[in-house]
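# Analysis of the macromolecular model
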Amino acid sequence: MISHLLAAPEVLAHVVDVHCHPTDAPSILESTIESLPCTLCAMATQEGDQSKVATLARTRPDRIVPAFGYHPWWTHRISLSTPASTTPDHVVHYRALFLPESSPPPSAEVEAAFARLLPTLPPPISLVDVLADVRAHLAKFPSAMLGEVGIDRAARIPFTDTNASDGGGNNSRTLSPFSTPFAHQLAILEAQLALAVELRRNVSLHSVKAPAQTLALFDRMAATHGAAWFAISIDVHSCTLSPEVWLDIEKRHPNVFLSLSTAINGRSPNYLALIRACAPTRLLAESDYPDACNAPARTWDMVCIVAETRGWPIEDMWEDSPPLDPAHWGVVRRLEMNWHAFVKGGHAAPAKRPTARERRRRDYNLDLIESDMEDEGEF
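Here's what I pulled together on the structure shown here. Please read these numbers as outputs of a predicted model, since none were measured by experiment. (Residues numbered from 1 in each chain as written. Predicted model: local features only at pLDDT ≥ 70, side-chain atom pairs only at ≥ 80, totals over all residues. Heavy atoms only, no water.)

This next bit is on empty space enclosed by the protein. Across all of its chains, the model carries one cavity of 30 Å³ or more by this definition. By volume, the largest cavity amounts to about 70 Å³. Of all the elements in the fold, those that place two or more residues in the lining of the largest cavity are β1 (16–20), β12 (283–285) and α13 (331–344). If you tally residues by element for the lining of the largest cavity, the top one is α13, at four residues. (1 Å grid on protein atoms, 1.4 Å probe; cavity = no way out; pocket = protein on both sides within 12 Å on 5 of 7 lines; lining within 4 Å. Points joined across faces, edges and corners; volume = space filled by probe spheres on them. Helix = DSSP H or I, 4+ residues; strand = E, 2+ residues; numbered from the N terminus.)

Encoded structure:
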C-alpha cells in the first residue's frame, strides 16, 4: 500500500478518522494526543476498555469522539439470561455456548479443545450489566457513538497459552475450533442497537462474512423501530460488502454509510469497486488502527485513495468559502460534509413501495372511479 505525503495542517484539521482503536496500544503518549492533527473516533470493544476510551476522550474532547459498545469477538463472555449483578456459572455458560446439548455429542478431540480453552476464558457477565455499562458511558458523553458492535461469521475464539519457560511473559495465540453462535451475537447486537435508537446515538458497525444477514438486520430494525431507526446513522466500518449488496442497502437505508481502511480493505483491490459504486454522500474514511500516532497518516492514505478512485481533487490548502457547486469540492470537504450528515442523523425514511395486493386494490379502485365517471357522463 502506497503511503501519501501528509496534507498541510489546515487541511488535516478537517479530516475525520471515523473508526480506530487507540486504547489497544500498550501506552499513549500525552504529546501524541496533544498534537493530533485530525479527529479520531475511538472505539471500545470489551469490558476492559470502556473506561480507557472515556479517559482518552476527556483528554482531547475537541479531537476524540468516543464510542462505547461490545464487539462480536467478545460476545461469548456475555450471558443472555443471567440477572443483573449476577455472575453466571463459568462451566455451564461456556459449555452451553460451545457444546450445546442440542448438538451431536462432541468428539474426544473437541472435548480436549474445550478443556484447554475453558481455563483461559474470562468470567461471564450478564447482558443486563453490559447494557447498563454502555448506557452509563453514553450518558456521560452526549456526542459519543455506539461502537464497536456487530456480527462476525468468520471469527473463532483463540487459545491463549502462557509460555512458562520464560517466566510467563509471552503469550502465543492459536485459534480454537469454537466460534460464538451467530444467534448469540445477533441477540447482543440487537439489544445494543435498541439502546442506540432509544438514546439516538450513531453506530459504528462490524460486519464480516454476513452480507445477507446484515441487510436482513437493517430491514428488521427499520420494521421494528420505524422513523426512530432512520433518526440515527450507521457506519459499516472497513466495509467488505460487495458493490451489489451495498447498493441494495444504500437504496433501502438512507441512514447507512460505509467507511474504508487500508489496514483491512487494503488487503484486496476489490474495495476500489465499492468506492466507485457507493453514492458520493455515503463515503467515510478510517484507519482502523490501534495507534493514535499513526492513525492520522493511515486515514489520510484512504482519503487520497478515495480521491484518486473517484477523480476528486485533493486539497493542498483550505478555503473557508467553498465553491457553490459541490461537484467542484475536494475530497476532504466532501468527506467532512458526509461526516456532518452522519453526525446530524435525522434521515428521511424511504418511501414505502406498495405490495402487490395494495397495487391490485389501488387499480381496482381506479377502475371503479373511471366507471362511475363514465356513467355520470351518460346523463
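Mapped onto the secondary structure, Thr-281 falls in the loop between α11 (271–277) and β12. As a C-alpha pair, Thr-281 and Arg-334 span 53 residues in sequence and 7.5 Å in three-dimensional space.

The pairing of strands in a sheet comes from backbone hydrogen bonds and takes either a parallel or an antiparallel form. Spatial strand order, β1-β2-β3-β6-β9-β10-β11-β12: eight strands in an open sheet with parallel pairing. For this open sheet the edge positions go to β1 and β12, each flanked by a neighbour on one side alone. Pairwise comparison of adjacent strand axes, ignoring direction, gives a mean angle of 30° for this sheet. When β1 meets strand β2 (residues 39–43), the two strands line up parallel, connected through three bridges. Paired with Val-16 across the two strands is Thr-39, which belongs to β2. Against the sheet, helix α12 (residues 295–310) contacts β1, β2, β11 (256–260) and β12, and its axis sits at roughly 145° relative to β12. (Pairing = 2+ DSSP bridges. Axes fitted to C-alpha atoms, helices over the stretch in contact; angles between N-to-C directions. Contact = heavy atoms within 4.5 Å.)

Both trends apply: most residues other than glycine have a negative phi, and most peptide bonds are in trans. Backbone torsion omega between Gly-147 and Glu-148 reads 0°, so that peptide bond is classified as cis. Here Glu-148 lies in strand β6 (residues 145–152). With phi around 55°, Arg-200 is a residue other than glycine that occupies positive phi space. With respect to the element layout, Arg-200 can be found in the loop between α7 (182–199) and β9 (203–208). Phi angles above zero are rare outside glycine, and Ser-238 is one such case at about 40°. For Ser-238, the position within the fold is in the loop between β10 (234–236) and α10 (243–252). Residue Ser-238 is classed as buried on the basis of its relative accessible area, which comes to 5%. (Buried < 20%, exposed > 50% of the residue type's maximum accessible area, 1.4 Å probe, protein only.)

Tallied over the full model, the rule gives seven salt bridges. Note that Arg-77 and Glu-47 form a salt bridge whose closest N and O atoms lie 2.7 Å from each other. A residue pair is termed long-range when its members are at least 10 positions apart, and Arg-77 in the loop between β3 (64–68) and β4 (78–79) and Glu-47 in the loop between β2 and α3 (50–59) qualify at 30 residues. Since its relative accessible area comes to 19%, Arg-77 is described here as buried. (Salt bridge = Lys/Arg side-chain N within 4 Å of Asp/Glu carboxyl O.)

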